[in-house]
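Each chain, written out:
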Amino acid sequence: MQPVILKAYKFRLDLTCEQSARMTELVGCARWAWNKGLDRCLKLLDSGERIPGQTAITYWVKEFRDNPEHAFLKTSYTDNLQQKLRDLSLAWQRYFDPKLEASRPVFKKKHVDSDNSIRFVNFSKYCKIDNRRVKLPGGLGWCRFRKSRNIAGKIKNCTITRNAGHWFISFQVEQKVEQLAHPSTREVGIDMGVAKFVTLSDGTSIKPLNIYRKYEQRLAKEQRRLAKKVKFSNNWRKQKQRITRLHSKIAHCRNDFLHKASTEISKNHAMIVIEDLRTKNMSRSAKGTIDAPGTNVKAKSGLNKSILDQGWYEFRRQLEYKQAWLGGDVLAVPAHHTSQTCPACDHVSPDNRKTQANFTCVQCGHQDNADRVAAINILARGRRVLACGESSLDDSMKQEPVLPREGLAPSAAIAA
């Protein structure tokens, strides 16, 4: 039986004025259904009742549409509303699953792009595609899109999103592939950093893009202009749109960089070993509270900004699904003492790395670049896990705690 993988192809839509207005109407109705359903769920929880299952929640659409106060829903597309409530049900399931640690569903806002989307399921039944056009239900008809590459596989559904004033369509396809066998037999360890985005165990490294730093001053200038305008006035909305476009440009540049880096690494290595970093915890604010204020807040704030600017979590996510497509694997190992352990004699000491860039073992005198040493140790830990399981890492987890370097908070020292 051939393995089946899921992929998505995203393109920008070229809608007419009428289609754009209709799309805005459909998205608004779907957003309203989410908020109305969420409000009802919260009231059920407050009264001590359970949230109903997915099937029961989707039946709320009929009740909403039959209500005379909600006459505007008569022009909506029922499938979009039902799909939005299915998404709400799944969001609650993720929230109540202790393994996922998902955040609680929140209300969607009209002027937040990420809160405005609709999905058309059963694509083969309700939609059609013809070269650079796609026919969508709900009164949209044939819509042109910028087809930059061929769509391979069976289209299961499509999602419409809005970003910085433009509409995009994403086709989710199901592809049957031959028995997955990675074209490469090489393995590599990857050390994440701030000065260097990644350093591989073979000695190669990739410089960070730091795209947010590049536009930080310009963004601050535009935000100061926004603060001086009357809120929700026409000039305020225009300025808000300028800031949105700038944020969109930063995000697109970052995604382009991460995709190129992750694709290059995944194509050339069948086994990739990375640090099991908790990016959310590492980028948490160090301000503390009034009663217990934090230390080295400014330094930690700069480190947090660099971590989030480089997109460590997104890079790992891309590596994992691209390796799954190619038949490779990604293994995450603990990051403790990787930059303080000598790869030659296994001696662990903070004195082995007294500077950011250089590693010199105080026991055997082995010298190398500190980031490359960390990547070598990460790869070695991955090999031990594959050979002997997780229990093989117990010794490395019981070493003395990392000592912070001068001028850095303990969490910053661990990240470095």
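Now for a description of the structure that goes with this document. (Residues numbered from 1 in each chain as written. Predicted model: local features only at pLDDT ≥ 70, side-chain atom pairs only at ≥ 80, totals over all residues. Heavy atoms only, no water.)

On to the pattern of salt bridges, then. Evaluated as defined, the whole model comprises 21 salt bridges. Put simply, Arg-383 and Glu-187 hold a salt bridge, and the shortest N to O gap is 2.7 Å. Of this pair, Arg-383 sits in helix 11 (residues 370–388) while Glu-187 is found in strand 8 (residues 187–192), placing the two residues 196 residues apart along the sequence. Judged by its relative accessible area of 44%, Arg-383 falls in the partly exposed class. Ionic pairing is found between Glu-216 and Lys-305, a salt bridge with its closest N-O pair at 2.7 Å. (Salt bridge = Lys/Arg side-chain N within 4 Å of Asp/Glu carboxyl O. Helix = DSSP H or I, 4+ residues; strand = E, 2+ residues; numbered from the N terminus. Buried < 20%, exposed > 50% of the residue type's maximum accessible area, 1.4 Å probe, protein only.)

As summarised here, the arrangement of the 7 strands in space is 2-6-7-1-5-4-3, forming an open sheet in which the pairing is antiparallel. The open sheet has two edge strands with one neighbour each: strand 2 (117–120) and strand 3 (128–130). The mean inter-strand angle of the sheet, taken between neighbouring strand axes irrespective of direction, is 35°. In this sheet, strand 5 (residues 141–145) lies alongside strand 4 (residues 133–136) in antiparallel orientation, the contact comprising 4 bridges. The partner of Val-134 across the bridge, within strand 5, is Cys-143. Here helix 1 (residues 17–46) sits on the sheet and contacts strand 1 (4–14), strand 2, strand 5, strand 6 (154–163) and strand 7 (166–176); the angle it forms with strand 2, its principal contact strand, is near 95°. (Pairing = 2+ DSSP bridges. Axes fitted to C-alpha atoms, helices over the stretch in contact; angles between N-to-C directions. Contact = heavy atoms within 4.5 Å.)

Helices that pack against each other are described as a pair by the angle of their axes relative to one another and the distance between those axes. Taken N-terminus to C-terminus, the directions of helix 1 and helix 4 (residues 78–96) make an angle of 40°; their axes are 9 Å apart at the nearest point. Here helix 1 lies oblique to helix 4, going by the angle between them. Read as a crossing pair, helix 1 and helix 4 show a hand that is right-handed. Between helix 1 and helix 4, the residues in contact are Leu-26, Cys-29, Ala-30, Ala-33, Trp-34, Gly-37, Leu-38, Cys-41, Leu-42 and Leu-45 and Asn-80, Leu-81, Lys-84, Leu-85, Asp-87, Leu-88, Ala-91, Trp-92 and Phe-96, respectively. (Parallel < 35°, antiparallel > 145°, perpendicular 65-115°, else oblique. Left-handed = near helix turned anticlockwise from the far one by under 90°.)

Glancing now at the packing of helix 6 (residues 211–227) against helix 9 (residues 297–310). Closest axis-to-axis distance for the helix 6/helix 9 pair is 9 Å, and the angle between their directions is 115°. Here helix 6 contributes Ile-211, Tyr-212, Arg-213 and Glu-216 to the contact with helix 9, which in turn contributes Gly-302, Lys-305, Ser-306 and Asp-309. Here the residues of the contact of helix 6 with helix 9 are counted per class, giving 2 nonpolar, 2 polar and 4 charged. (Nonpolar A, V, L, I, M, F, W, Y, C, P; charged D, E, K, R; others polar.)

Note on placement: Gly-189 falls in strand 8. Through-space distance from the C-alpha of Gly-189 to that of Val-330 is 10.0 Å; in sequence the pair is 141 residues apart. With residues up to four places along the chain from it excluded, the contact list for Gly-189 reads Thr-199, Leu-200, Ser-201, Val-273, Ala-375, Ile-378 and Leu-379.

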